[in-house]
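Residues per chain, in single letters:
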Amino acid sequence: NFWTIEYYQKYFDVHTNEVVERIISSVLPQKVSRNYFDERIKGKPDLYGPIWISVTLIFTIAVSGNIANYLQSANKVVHWRYDFHLVSYAATAIFCYVWLVPLALWAALKWTTQTDGHDEIETQVSLYLR
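What counts, and at which threshold
- Residues numbered from 1 in each chain as written.
- Predicted model: local features only at pLDDT ≥ 70, side-chain atom pairs only at ≥ 80, totals over all residues.
- Heavy atoms only, no water.
- UniProt positions renumbered as here; feature names shortened; annotations may be inferred.
- Helix = DSSP H or I, 4+ residues; strand = E, 2+ residues; numbered from the N terminus.
- Buried < 20%, exposed > 50% of the residue type's maximum accessible area, 1.4 Å probe, protein only.
- Contact = heavy atoms within 4.5 Å.
- Areas by Shrake-Rupley, 256 points an atom, 1.4 Å probe, with all protein chains shown as cover.
- 1 Å grid on protein atoms, 1.4 Å probe; cavity = no way out; pocket = protein on both sides within 12 Å on 5 of 7 lines; lining within 4 Å.
- Points joined across faces, edges and corners; volume = space filled by probe spheres on them.
- Nonpolar A, V, L, I, M, F, W, Y, C, P; charged D, E, K, R; others polar.
- Expected span 1.5 Å × (residues − 1).
- Patch = residues over 30% accessible without salt bridge, like charges linked within 9 Å, V, L, I, M, F, W, Y side chains within 5 Å.
- Salt bridge = Lys/Arg side-chain N within 4 Å of Asp/Glu carboxyl O.
- Arc of directions from axis to C-beta.

- Going by an unreviewed UniProt entry, the protein carries the name Protein YIPF and comes from Papilio machaon.
- In its Sequence similarities (unreviewed entry) section, UniProt records this for the protein: "Belongs to the YIP1 family."

## Looking at the overall build of the protein
Then, in step 1: The helix and strand inventory of the protein stands at five helices and two strands.
Then, in step 2: When each of the 130 residues of the protein is scored for burial, the buried share is 12%.
Then, in step 3: Counted over contacts in the protein with a minimum sequence separation of 6, partners at least 24 positions apart contribute 45%.
Then, in step 4: Within the structure as shown, the protein displays about 11600 Å² of accessible surface, and the carbon and sulfur contribution to it stands at 64%.

## Quick word on the side chain of Asn66
Then, in step 1: If you trace the backbone, Asn66 turns up in helix α4 (residues 48-72).
Then, in step 2: Owing to a relative accessible area of 16%, Asn66 belongs among the buried residues under this scheme.
Then, in step 3: Setting aside its immediate chain neighbours within four residues, Asn66 contacts Trp80, Tyr82, Asp83 and Leu86.

## Regarding the layout of surface pockets
Then, in step 1: Of the pockets and cavities examined, the largest pocket occupies roughly 430 Å³.
Then, in step 2: Pro50, Ser54, Val98, Trp99 and Pro102 are, among the 14 residues lining the largest pocket, the residues nearest its centre.
Then, in step 3: Elements with a contribution of two residues or more to the lining of the largest pocket: α4 and α5 (85-112).
Then, in step 4: Tallying contributions element by element places α5 first for the lining of the largest pocket, with eight residues.
Then, in step 5: Counted by class, the lining of the largest pocket contains 13 nonpolar, one polar and no charged residues.

## Concerning α4
Then, in step 1: End to end, α4 covers 36 Å across 25 residues, agreeing with the expected 36 Å (1.5 Å per residue, within 8%).
Then, in step 2: When α4 is considered as a whole, its buried residues turn out to be Gly49, Ser54, Ile58, Ala62 and Asn66.
Then, in step 3: Check the buried side of α4 and you find it contacts α2 (16-27) and α5.

## Some details on a nonpolar patch on the surface
Then, in step 1: On the surface, Phe2, Trp3, Tyr7, Tyr8, Phe12, Leu47, Tyr48, Ile51 and Trp52 cluster together into a nonpolar patch covering about 920 Å² of accessible area.
Then, in step 2: Sorting the residues of the nonpolar patch by element identifies α1 (5-9) and α4 as the ones contributing at least two each.
Then, in step 3: Along the chain, the position of Phe12 falls in the loop between α1 and α2.
Then, in step 4: For Phe12, a relative accessible area of 36% gives the class partly exposed.

## Here's the deal with α2
Then, in step 1: In this model, α2 (twelve residues) spans 17 Å end to end at C-alpha, consistent with the 16 Å of a helix rising 1.5 Å per residue.
Then, in step 2: Buried within α2 we find Val19, Arg22 and Ser25. Buried residues of α2, seen end-on, are gathered within an arc of 135 degrees and therefore sit on one face of the element. Away from its buried face by more than 90 degrees, α2 exposes Thr16, Asn17 and Val27.

In structure tokens:
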């Protein structure tokens, strides 16, 4: 059942060094390989990296927005106040980006691929709008 913690536990069963290795290899690819998932993921997909990267980015955006607002009003007579709504705005933007962009890409690729009808499915992506 996907409502239980045990269902998601397998996606968080990674070590920190594996997550760091995956992040570094996604930013700095060392060699082009056809078996990237076999070599890097090794049958252990995880949600630890993407979730913590998103959460870290949300708080970084919120903190830097408040710092920028503080620096902008530093020489003014107006008393500066922090804005906790920046966390909500950043969370909405980042989580929409993390979930909606991949979903849109998946949908676009799913509905624009063509199969030839043989036993072995060959796909061809068409970027033409019809």
